[in-house]
Amino acid sequence: MAGSVVGAGLIVEGEFTTDEDVVIEGTLRGTLTSAEAVSIGGDGVVEADLRALSVVIAGQVTGNVSASSRVDIQAGGRLIGDVKAGRLTIADGASFRGNVDMDV
Amino acid sequence: MAYASVIGSSAVIRGNVRGDGSLQILGRVEGDVGVTGDVALGPDAVVVGAVSGARIVIGGSVEGDVTASEAVVISETGKVVGDLAAPRIGMSEGALVRGSVRTDGVAAGNSARARVPASRSVEADEERSRPVVARPAPRPAANAAPAASVAASNNNAAAKPALKRPPPPPVIQAPRAGARARKRMLKR
């Protein structure tokens, strides 16, 4: 059970900080910081810098993504921004434009 | 989950939350919350900003105006510092409210406030209603004592439009109950 859900149709603007999971099916603008997993659903739109344990992108993200564990861009997902993560997967059919920093 | 959106118990949002659908707040929002659906605030929820929605159930704390298109319900753990406006308002014992309460469901507006100079406990409202309350006072002071009746009629004329708007239903119902009771007494 996700800690926070930004449902379809909801728009959150500002600074979002949490210690729990976050699922975004709506729109988020600003910054998002979570100590747990962040998941952006197929209809989710994020115009924000993301910082989390792990990030799964199935929707649209514009902003830098930083994950202490991993970042997964799923098929249909779209990321414009830089990624800083230990592990990164980009599925076939995903779009991505930005730099990758994997701590090598 | 019954709610389309949830702001978790550890979540802090500094900014606005708006849009469609229902929303459950368990954490903290420092900004305005405005959705078309229902809003529920858990016992530990804190909102510093205005809250608007269809049906708003407050179990937590709100520092700001609460406006609902259907109803506002404040449960026993709820606390509101701000004005309440909704067609229906429910309050449980133990709920804390500091602000004006209006059940006509009209969106907050200064003209509507000025027409209702009812006794209120909020400092901000005292300021707003002061001109209305103060207006009749100088008239008897300016007029001589014999003109007191004229001043009184002036006061009534000034007071009538002010009292036109909120005819509280309990006041109307009370004489009916008394009339019934009187009829029963006469039958006996």
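What you see is a predicted model, and the numbers here were worked out from it, not measured in a lab.

A word on the overall build of chain A
Then, number 1: A tally of regular secondary structure across chain A gives zero helices and 12 strands.
Then, number 2: In chain A, which comprises 104 residues, the share counted as buried stands at 41%.
Then, number 3: Considering only contacts within chain A whose residues lie at least 6 apart along the sequence, 1% involve residues at least 24 apart.

Examining the overall build of chain B
Then, number 1: Per the secondary structure count, chain B includes five helices and 15 strands.
Then, number 2: Burial analysis of chain B (188 residues in total) assigns 28% to the buried set.

Some points on the pairing of strand S8 (residues 51-58) of chain B
Here is the key point about a regular strand: its side chains alternate between the two faces of the sheet.
Residues and elements named next belong to chain B.
Then, number 1: For S8, a buried count of six out of eight residues is recorded, marking the element as mostly surrounded by other parts of the structure.
Then, number 2: With two bridges joining them, strand S5 (residues 33-35) and S8 adopt parallel strand pairing. Residue pairing across strands places Gly 34 opposite Ser 52, the latter belonging to S8.
Then, number 3: Both S8 and strand S10 (residues 66-74) contribute to a ladder of seven bridges, which runs parallel.

Considerations on the confidence of the model for chain B
If pLDDT is low for a region, its predicted coordinates should not be looked at in detail.
Residue and element names in this part refer to chain B.
Then, number 1: The predicted model of chain B has a mean per-residue pLDDT of 74, with 56% of residues at 70 or higher.
Then, number 2: The model gives residues 107-154 a pLDDT under 50, and that stretch makes 38 contacts with residues more than four places away or in other chains.
Then, number 3: Confidence estimates for the predicted assembly give a pTM of 0.69 and an ipTM of 0.91.

Considerations on the interface of chain A and chain B
Then, number 1: The partner chain B presents 20 residues to the 20 residues of chain A that form the contact.
Then, number 2: Grouping the amino acids of the side of chain A that touches chain B by side-chain chemistry returns seven nonpolar, nine polar and four charged.
Then, number 3: Across eight bridges, strand S2 (residues 10-18) of chain A lies against strand S2 (residues 12-19) of chain B in antiparallel orientation. Paired with A:Glu15 across the bridge in S2(B) is B:Arg14.

Considerations on the nonpolar core
The nonpolar side chains of soluble globular proteins are, as a tendency, buried together.
Then, number 1: With 60 residues, the main nonpolar core has A:Leu50, A:Val55 and B:Leu41 as its most contacted residues.
Then, number 2: Ranked by residues supplied to this core, first place goes to strand S6 (residues 45-57) of chain A with eight residues.
Then, number 3: Setting aside chain neighbours within four positions, we find A:Leu50 in contact with A:Leu32, A:Val38, A:Val55, A:Val61, A:Gly63, A:Val65 and A:Ser66.

Considerations on the environment of B:Gly42
Residue and element names in this part refer to chain B.
Then, number 1: Following the sequence through the fold, Gly 42 ends up in the loop between strand S6 (39-41) and strand S7 (46-48).
Then, number 2: Given 19 C-beta atoms within 10 Å, Gly 42 falls into the partly exposed group.
Then, number 3: In this structure, the C-alpha to C-alpha distance between Gly 42 and Ser 75, residues 33 residues apart in sequence, is 9.9 Å.
Then, number 4: Aside from chain neighbours lying at most four places away, what touches Gly 42 is Ile 25, Leu 26, Gly 59 and Gly 60.

Considerations on the pairing of strand S8 (residues 65-73) of chain A
Then, number 1: Pairing between S6(A) and S8(A): seven bridges, direction parallel. The partner of A:Ser54 across the bridge, within S8(A), is A:Arg70.

Comments concerning the confidence of the model for chain A
Then, number 1: On average, residues of chain A carry a pLDDT of 94, and 98% of them reach 70 or more.
Then, number 2: Taken element by element, the predicted model of chain A shows its lowest mean pLDDT in strand S12 (residues 100-101) of chain A (94) and its highest in strand S7 (residues 60-62) of chain A (97).

What counts and how
- Residues numbered from 1 in each chain as written.
- Chains lettered and ligands numbered in written order.
- Predicted model: local features only at pLDDT ≥ 70, side-chain atom pairs only at ≥ 80, totals over all residues.
- Helix = DSSP H or I, 4+ residues; strand = E, 2+ residues; numbered from the N terminus.
- Buried ≥ 20, exposed ≤ 12 C-beta atoms within 10 Å, placed from the backbone.
- Contact = placed C-beta atoms within 7 Å.
- Pairing = 2+ DSSP bridges.
- pLDDT = per-residue confidence, 0-100.
- Nonpolar A, V, L, I, M, F, W, Y, C, P; charged D, E, K, R; others polar.
- Core = buried A, V, L, I, M, F, W, Y, C linked by C-beta atoms within 7 Å.

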